[in-house]
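Take a look at the letters that make up each chain.
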Amino acid sequence: MIELGLREGIWALVAVLTLYLVVILFRLAIPRRSSGSSDTLAPPKTLLAEPPAAEPLKPPSPPEPDLTSSPEEEAVSRDLLNELEIQQLRRDVAQLRTESDFLRRELAATRRDVDELRDARQASRERVEYARPVSPQHSEAMLLAGRGFEASRIAEHCGISVAEAELVCALARAEEGR
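In what follows, the accompanying structure is described. Bear in mind the structure is a predicted one, so any value in this text is a computation, not a measurement.

1. Describing the overall build of the chain
Step number 1: Each helix and strand counted, the chain has five helices and zero strands in total.
Step number 2: Reading the chain from its N end, one meets helices and strands in the order α-α-α-α-α.
Step number 3: Classification of the 178 residues of the chain by burial places 8% in the buried group.
Step number 4: Contacts spanning at least 24 positions in sequence make up 46% of the contacts within the chain whose residues lie at least 6 apart.
Step number 5: For the chain, the computed accessible surface area is about 16,600 Å², with 61% contributed by carbon and sulfur atoms.

Structure (structure tokens):
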């Protein structure tokens, strides 16, 4: 069976959204024909869009001293400015929390991927253990190679090719190096 992981699911979602975007852009590119008279217009369709990213408010420049404004009006305008600034700060905090949660989820997914890769690597190392040859010729050749015989003498004694004997000698040396 086909096993789909998180990455493949995300790529499939991206592909579907891309296809949807292409269809929408294609529909927008085709000019519409008006079927009715020009005085009957269809009501405009409202499109829902994501709210724009919160942009920091720039504090207004301090008002120039106005001799005609009363202290009460100045207090009201300061309170209004403070309230606007507090609202902006709340939006910023909410956006930062959302981004922080997203980054935490991504970090957790990355840690899981790394753990899976580490486990797979350890499992593959355990499976690579050398198994001694079952053939009596090669078993005897391994014993002779372990005792230090030359490859040509091992080939003559066991009835195998010199290349096989050299390979057996290399395996014996690698095994002694462990």
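Having seen it, we continue.
2. Concerning the pattern of salt bridges
Step number 1: Under the defined criterion, the tally for this structure stands at four salt bridges.
Step number 2: Between Arg7 and Asp113 there is a salt bridge, with the nearest N and O atoms lying 3.7 Å from each other. With a gap of 106 residues between them, Arg7 in helix α1 (residues 6–29) and Asp113 in helix α2 (residues 71–127) connect regions that are remote in the sequence.
Step number 3: With relative accessibility at 33%, the residue Asp113 sits in the partly exposed group.
Step number 4: Arg78 is the salt-bridge partner of Glu74, the closest N and O atoms lying 3.6 Å from each other. Remark: Arg78 and Glu74 occur in helix α2; sequence separation between them is four residues, near one turn of the helix.
Step number 5: A relative accessible area of 32% means that Glu74 is categorised as partly exposed.
Step number 6: By relative accessible area, which is 52% here, Arg78 ends up exposed.

3. A short note on the nonpolar core
Step number 1: By size, the foremost hydrophobic cluster in this structure holds 13 residues, and its most contacted members are Ala141, Ala145, Ile154, Cys158 and Ala165.
Step number 2: At the level of secondary structure, the elements contributing two or more residues to this core comprise α3 (136–146), α4 (151–158) and α5 (162–177).

4. What to know about a nonpolar patch on the surface
Step number 1: On the surface, Leu6, Ile10, Trp11 and Val14 cluster together to form a nonpolar patch covering roughly 450 Å² of accessible area.
Step number 2: Counting through the fold element by element, Ile10 comes out in helix α1.
Step number 3: A relative accessible area of 45% means that Ile10 is categorised as partly exposed.

5. Let's talk about the environment of Ala165
Step number 1: Assignment of secondary structure puts Ala165 in helix α5.
Step number 2: In this structure the C-alpha to C-alpha distance between Ala165 and Met142, which are 23 residues apart in sequence, comes to 8.7 Å.
Step number 3: When residues no more than four places from it in sequence are discounted, the contact partners of Ala165 are Ala151, Ile154, Ala155 and Ile160.

Each value, and the rule that gives it
- All residue numbers here refer to positions counted from 1 along the written sequence of the relevant chain.
- For a predicted model such as this one, the threshold for reporting local features is a pLDDT of at least 70, and the threshold for listing and counting side-chain atom pairs is 80 or more; totals across whole chains, interfaces and linings nevertheless cover every residue.
- Values reported for side chains reflect all heavy atoms of the structure, with hydrogen atoms and water molecules removed beforehand.
- Under the DSSP-based scheme used, a helix requires at least four consecutive residues in state H or I and a strand at least two consecutive residues in state E, with every element numbered from the N terminus.
- Exposure classes here rest on a 1.4 Å probe applied to the protein chains alone. A residue is buried below 20% of its type maximum, exposed above 50%, and partly exposed in between.
- The contact definition used throughout considers only heavy atoms, calling two residues in contact when any of these lie within 4.5 Å.
- Reported accessibility uses the Shrake-Rupley method at a 1.4 Å probe radius. Residues are deemed covered only where the shown protein chains occlude them.
- Criterion for a salt bridge: a side-chain nitrogen of Lys or Arg within 4 Å of a carboxyl oxygen of Asp or Glu.
- Residue types Ala, Val, Leu, Ile, Met, Phe, Trp, Tyr and Cys, when buried and joined through side-chain atoms within 4.5 Å, form a set referred to as a nonpolar core.
- By definition, no residue in a patch forms a salt bridge, and every one has over 30% relative accessible area; like charges are joined within 9 Å, nonpolar side chains (Val, Leu, Ile, Met, Phe, Trp, Tyr) within 5 Å.

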